[in-house]
Amino acid sequence: MSKTALIVGVAGQDGSYLSELLLSKGYNVHGIVRRNSVSENQDSRIRGMGITTHYGDILDTPSLIRIFREVNPDEVYNLGAQSHVRISFDIPEFTIKTNGLGVLNILEACRALGNPNLKIYQASSSEMFGNTVDDDNYQRKSTPMNPTSPYGCAKVLGYNLVRHYRTAYNMHACNGILFNHESPRRGTNFVTNKIIKGAVEIKKGLRNELALGNLEAYRDWGHSKDYVRAMHLILNAEKPDDWVVATGQSRSIRDMCEVTFNLLGMDYKDYVTTDAKYMRPHELNYLRGDSSEIREKLGWKPEYTFESMVGEMVNHWMEKL
Ligand code: G4F
């Protein structure tokens with residue numbers, strides 16, 4: 001009999017790729033979407049895919065209880081969040097509630113189902129580490145968490161709640177500590193797609209410059225398609241646990257500009273400016289994840305390289321614009 005998955009936050013980048021993956025594996029896929037005043041924006045990434053959507057919100061416990069009862073899932077993926085770190089400084093209370101208490105609501109809705117075989121995946125984040133790096137310049141599960149944003153603080157709460165429910169109630173609840181992951185479906189206010197879309201617009205004569213914030217931060221960037229494969233592996237490992245998913249390579253925002261503009265035959269220095277409004281009150285300077293555990297124990301490895309990912313995103317915008 002085919003399994004049923006319920007994806008909270010299905011309308012985002014990861015939700016859309018995860019839906020495709022699970023459908024290809026024969027799952028019945030259900031997803032929770034939040035109401036949006038522009039209805040086209042509600043499901044633009046998942047329209048026509050063949051999944052069943054439900055209106056709900058992780059801050060609306062009655063909606064969760066109703067949907068969880070109706071769907072009776074085998075696997076729950078919580079990808080629902082206020083996912084923008086910079087914006088979390090502007091709306092800290094909403095971010096803490098959504099990304100922290102929202103996880104509690106999901107765990108309680110799962111517990112209320114009373115199914116001992118239910119598996120729960122929580123989208124935890126490398127933002128939880130803040131500026132802590134081990135002596136070998138990597139972050140891993142044992143690296144102390146010192147978040148540098150309301151987003152990161154809330155994610156630490158969610159992470160700990162999952163670990164707590166796993167122990168206290170013997171639930172199959174897992175954290176994937178995912179480092180940055182991108183794709184053509186990434187929101188254009190995240191730095192990769194902002195740079196790539198902006199560079200293509202410049203190439204096509206649609207604008208003259210691109211204003212960014214801190215160019216000296218480093219990120220470990222992978223592709224969302226590779227990372228949703230990791231989510232499914234994590235949930236279906238024999239025992240529930242917490243796992244780091246990363247490429248192990250770190251590049252600066254400046255490198256991202258250089259690679260992108262070079263691909264388009266331009267020099268980023270002629271077009272990129274900086275604007276204080278994109279700086280953060282507290283920056284996370286450097287991310288580089290050690291994913292050796294998931295590679296060795298679950299056989300995960302990324303298929304995309306940094307260059308193939310950027311190339312795919314550039315081609316996407318060249319065709320679209
Ligand atoms: O693309 P970003 O906004 O991603 P950030 O803050 O690293 O967060 C992403 O990754 C996390 C995992 O580590 C996720 F948990 C989170 O949900 C999200 O997916 O910014 C990346 C870097 C930052 O250092 C930022 O200061 O780019 C720098 N940056 C420079 N100029 C900019 C800009 N970021 C944005 N968004 N816009 C700019 O103009």
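The structure we're discussing is the one just above.
Keep in mind that this is a model prediction, so the values were computed, not measured.

**Student:** Is there a simple way to explain helix H5 (residues 92-113) in this structure?
**Tutor:** With 22 residues, H5 extends 31 Å between its outermost C-alpha atoms, agreeing within 8% with the 32 Å of an ideal straight helix rising 1.5 Å per residue. Of all bends in H5, the biggest is about 35°, found at leucine 101. Thr95, Thr98, Asn99, Gly100, Gly102, Val103, Asn105, Ile106, Leu107, Ala109 and Cys110 are the residues of H5 that are buried. Where H5 ends, the next residue or the one after it, glycine 114, has phi of about 65°, a positive value.

**Student:** Hey, could you run me through the site of the ligand in this one?
**Tutor:** The environment of the ligand is made up of 24 residues, and the closest members are Ser125, Ser126, Tyr151, Arg280 and Glu283. The contact in question runs from an oxygen atom of the ligand to an N or O atom on the backbone of serine 83, over 2.8 Å. Taking valine 191, its main chain carries an N or O atom lying 2.8 Å from an oxygen atom of the ligand. In isolation the ligand offers 710 Å² of accessible surface; the protein chains occlude 96% of this area. For the shell around the ligand, the residue count by class is ten nonpolar, eight polar and six charged.

**Student:** Explain the nonpolar core to me, please; I cannot follow it from the model alone.
**Tutor:** Here is a general trend for soluble globular proteins: nonpolar side chains tend to be buried in one another's company. Core analysis: the biggest nonpolar cluster contains 30 residues, and Leu18, Tyr77 and Tyr121 have the highest contact counts within it. Broken down by element, this core gets its largest block of residues, six residues, from helix H8 (residues 224-235). Apart from the residues lying within four places of it in its own chain, the contact partners of leucine 18 are Ile7, Tyr77, Leu79, Val228 and Met231. Among the nonpolar cores identified, the runner-up in size contains 24 residues, and Leu212, Trp221, Met256 and Leu264 belong to it.

**Student:** Could you clarify how one ought to interpret the side chain of histidine 232 in this entry?
**Tutor:** Relative to the helices and strands, histidine 232 resides in helix H8. For histidine 232, the contacting residues outside a window of four places in its chain are Leu21, Leu22, Lys25, Tyr27, Glu75 and Tyr77.

**Student:** Help me understand the pattern of salt bridges, please; the structure alone is not making it clear to me.
**Tutor:** Opposite charge on two side chains makes pairing possible when the charged atoms of those side chains draw close. What the rule picks out here adds up to 22 salt bridges. Measuring nitrogen to oxygen at the nearest pair gives 2.9 Å for the salt bridge that ties arginine 166 to aspartate 242. Of the two residues, arginine 166 is situated in helix H6 (residues 150-169) and aspartate 242 in strand E11 (residues 242-245); the sequence distance between them amounts to 76 residues. With respect to class, arginine 166 is no different from aspartate 242; both count as buried. A salt bridge links aspartate 226 to arginine 229, with the nearest nitrogen and oxygen atoms 2.9 Å apart. Residue aspartate 226 and its partner arginine 229 are located together in helix H8, separated by three residues, close to a single helical turn. We classify arginine 229 as partly exposed; its relative accessible area is 23%. The structure contains a network of salt bridges with shared partners spanning Asp134, Asp136, Arg140 and Asp290.

Thresholds, definitions, all that
- Residues numbered from 1 in each chain as written.
- Predicted model: local features only at pLDDT ≥ 70, side-chain atom pairs only at ≥ 80, totals over all residues.
- Heavy atoms only, no water.
- Helix = DSSP H or I, 4+ residues; strand = E, 2+ residues; numbered from the N terminus.
- Expected span 1.5 Å × (residues − 1).
- Bend = angle between axes of the 7 residues up to and from the residue.
- Buried < 20%, exposed > 50% of the residue type's maximum accessible area, 1.4 Å probe, protein only.
- Near = heavy atom within 4 Å.
- Polar contact = N/O pair within 3.5 Å; in protein donor to acceptor, adjacent residues only side chain to side chain.
- Areas by Shrake-Rupley, 256 points an atom, 1.4 Å probe, with all protein chains shown as cover.
- Nonpolar A, V, L, I, M, F, W, Y, C, P; charged D, E, K, R; others polar.
- Core = buried A, V, L, I, M, F, W, Y, C linked by side-chain atoms within 4.5 Å.
- Contact = heavy atoms within 4.5 Å.
- Salt bridge = Lys/Arg side-chain N within 4 Å of Asp/Glu carboxyl O.

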